[in-house]
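An overview of the molecular structure
These are the residues of each chain, in order.
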Number of protein chains: 2
Amino acid sequence: MEEAKGVVKHIVLAKFKDDTTPDKIEQLIKAYANLVNLIQPMKAFQWGKDVSIENLHQGFTHVFESIFETTEGIAEYDAHPAHLEFANLFLASADKIVIVNYKPTVVRC
Amino acid sequence: MEEAKGVVKHIVLAKFKDDTTPDKIEQLIKAYANLVNLIQPMKAFQWGKDVSIENLHQGFTHVFESIFETTEGIAEYDAHPAHLEFANLFLASADKIVIVNYKPTVVRC
C-alpha cells in the first residue's frame, strides 16, 4: 500500500432541505463545479447521487469529491471569496452535511 | 460534465469505537484492502484518515473508497462470503458508519 503522491480528497456528503427544488439543486451543483475554474488549488471535481443499496446512507443523497494537491490548498480554497459565497448558498439549502478530507493510500488502481 | 463510464464509487465513512486499538484498526484496514484480491467486482480500494479542517467531519475519522464497474457488482460484493465475514468484524468495531454509492459525473480530472 502506498500513499498517492500529492493528492488530498475533499469529500462532502449532503442531504438537501425538503423544500429545495431539483432546479435549485442543479444550480448549486453547477456553481460547485464552477469553483474548479475560479480557485487554483482545486484541481478536479466530481459528484453523484447516492445509489446505495446497503441502507446505511443515513439520509445523505449527494456526494461531492474535489481533488487538491495539499491540505494547504484546501485551506486556501476554504478561505477563497468564491468558495465563501458558494458555501453560504450551499449551506442555506443543506439539511445535513459531512465534510472529510483524506490523503488516499492506494491499494490497487 | 459527463458521467465516468462504468465506474461506481462505494464510499464508507467510519468512526471506530473508543476501545478499538490502533492495531485492531490496522488489522481491519488490511482485511478491507485484501477484499480486492478475493471479490472479483471490486476493482480498487483506497483509504485515509480524516485530516479535515472544516470541523464538519461529524466524528468520522476514516474514509474508504472502493471502485466497481456496476451497481450489480456492488450487490455481488455485498453478498460475497468474504465481504460478509469482513463486514461482521468491521461493524463490531464501528461506532458510526455511513455508506454511499455514486456514479461520478466528472467535471475535470
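Residues numbered from 1 in each chain as written. Chains lettered and ligands numbered in written order. Predicted model: local features only at pLDDT ≥ 70, side-chain atom pairs only at ≥ 80, totals over all residues. Heavy atoms only, no water.

An unreviewed UniProt entry lists chain A under the name Heat stable protein 1, A. THALIANA HEAT STABLE PROTEIN 1, with Hibiscus trionum given as the organism. Listed under Subunit (unreviewed entry) in UniProt, the entry text for chain A is "Homodimer." (UniProt positions renumbered as here; feature names shortened; annotations may be inferred.)

Turning to the overall build of chain A, a few remarks are in order. A count of helical and extended segments in chain A gives three helices and six strands. Its C-alpha atoms give chain A a radius of gyration of 15 Å, near enough to 13 Å, the size a compact globule of 109 residues would have. Put simply, 76% of the contacts in chain A that link residues at least 6 apart link residues at least 24 apart. Counting every atom, chain A has about 5400 Å² of accessible surface; 53% of that belongs to carbon and sulfur. Taking the average place of the 11 positive charges on the side chains of chain A and the average place of its 15 negative ones, the gap between the two points comes to 3 Å. (Helix = DSSP H or I, 4+ residues; strand = E, 2+ residues; numbered from the N terminus. Rg over C-alpha atoms; globule rule 2.2 N^0.38 Å. Contact = heavy atoms within 4.5 Å. Areas by Shrake-Rupley, 256 points an atom, 1.4 Å probe, with all protein chains shown as cover. Lys, Arg positive; Asp, Glu negative; His and termini not counted. Charge placed at Lys NZ, Arg CZ, Asp CG, Glu CD.)

Let's shift gears to the relation of the copies chain B and chain A. The two copies are related by a screw operation: chain B maps onto chain A through 180 degrees of rotation and 0.0 Å of translation along the axis, at an RMSD of 0.0 Å. Seen this way, the second copy is the image of the first under a two-fold rotation axis. Of all interface residues in chain B, 100% are interface residues in chain A too; the two copies therefore contact each other through one and the same surface. (Least-squares fit on C-alpha atoms with pLDDT ≥ 70 in both.)

It is worth spelling out the packing of helix H2 (residues 71-79) of chain A against helix H3 (residues 81-93) of chain A at this point. Residues and elements named next belong to chain A. Where H2 meets H3, the closest approach of the two axes is 5 Å, and the angle between their N-to-C directions is 65 degrees. Facing H2, whose interface residues are Tyr 77, Asp 78 and Ala 79, H3 presents Pro 81, His 83 and Leu 84. Grouping the amino acids of the contact of H2 with H3 by side-chain chemistry returns four nonpolar, one polar and one charged. (Axes fitted to C-alpha atoms, helices over the stretch in contact; angles between N-to-C directions. Nonpolar A, V, L, I, M, F, W, Y, C, P; charged D, E, K, R; others polar.)

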